[in-house]
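These are the residues of each chain, in order.
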Amino acid sequence: MPRTVIMSVLAQSVDHFTIEELWHSVQEIVPEIELSTVYRVVQALIGAGLAGETRLPNGIRVIEGLALSHAHWVCSSCQQIGHFSDSTLESLILNLNVSLRDTGTVKGIQIVAWGLCLQCQERTTKAPPQ
Ligand SMILES: [Zn+2]
Ligand SMILES: [Zn+2]
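Bear in mind the structure is a predicted one, so any value in this text is a computation, not a measurement. (Residues numbered from 1 in each chain as written. Chains lettered and ligands numbered in written order. Predicted model: local features only at pLDDT ≥ 70, side-chain atom pairs only at ≥ 80, totals over all residues.)

Chemist: Help me understand the sheet that holds strand 4 (residues 81–84) in this model?
Modeler: With mixed pairing, three strands are arranged side by side in an open sheet as 4-3-5. In this open sheet, the two edge strands, each paired with only one partner strand, are strand 4 and strand 5 (111–115). With strand direction ignored, the average angle separating the axes of adjacent strands in the sheet is 30°. Where strand 3 (residues 71–75) and strand 5 come together, five bridges link them in parallel fashion. Counted as the bridge partner of tryptophan 73 is alanine 113 from strand 5. (Pairing = 2+ DSSP bridges. Helix = DSSP H or I, 4+ residues; strand = E, 2+ residues; numbered from the N terminus. Axes fitted to C-alpha atoms, helices over the stretch in contact; angles between N-to-C directions.)

Chemist: What should I look at first to understand the domain arrangement of the protein in this one?
Modeler: Reports often express the size of an interface as the amount of accessible area lost when the parts come together. Domain assignment breaks the protein into domain 1 (1–67) and domain 2 (69–130). Between the C-alpha centres of domain 1 and domain 2 the distance comes to 22 Å. In this complex, domain 1 contributes six residues to the contact, which on the side of domain 2 involves eight residues. (Domains from an automatic or database assignment. Contact = placed C-beta atoms within 7 Å.)

Chemist: Explanation requested: helix 4 (residues 87–99) in the structure shown.
Modeler: Side chains three or four residues apart in an α-helix point the same way, a direct result of the helix having 3.6 residues per turn. With 13 residues, helix 4 ought to run about 18 Å at 1.5 Å a step, and its terminal C-alpha atoms sit 19 Å apart, in line with that. Little of helix 4 sits out of view: just zero of its 13 residues are buried. (Expected span 1.5 Å × (residues − 1). Buried ≥ 20, exposed ≤ 12 C-beta atoms within 10 Å, placed from the backbone.)

Chemist: Would you take a moment to explain the nonpolar core for this structure?
Modeler: With 14 residues, the main nonpolar core has Ile6, Leu22, Val26, Val38, Val42 and Ile63 as its most contacted residues. At the level of elements, helix 1 (2–11), helix 2 (19–27), helix 3 (35–47) and strand 2 (61–64) are the ones that each hand at least two residues to this core. Top element by residues in this core is helix 3. It accounts for four residues. Those residues in contact with isoleucine 6 that lie beyond four places of it in its chain are Val26, Val38, Val41, Val42 and Leu45. (Core = buried A, V, L, I, M, F, W, Y, C linked by C-beta atoms within 7 Å.)

Next up, the structure:
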């Protein structure tokens, strides 16, 4: 039951959730659910390849319904998270598999790029000098 609810919350959103944010969303459906349950189920879903997990440059872990490895972009000012085209990622995996052919295989790769979103860029350039 918690597993089904957590999976549907993740599936219905393109957002990246911290474990606490996910817990609050699940609580809207199952008010009595505990954080430890959400944590345990999420770990199982990640292990089963049904949810994705990414560690951001600020150390925060985010969870999402998209399990395939993909490239993230984060605004280091407002912390908004986006995806960018992962054709580079696919060729990187191919190249790694060639260079690691005597060692093993690469199934996924995590890339987190960071910078400033346009809004934050504008805010910083327009802000009066401190
Ligand atoms: Zn993502
Ligand atoms: Zn921003």
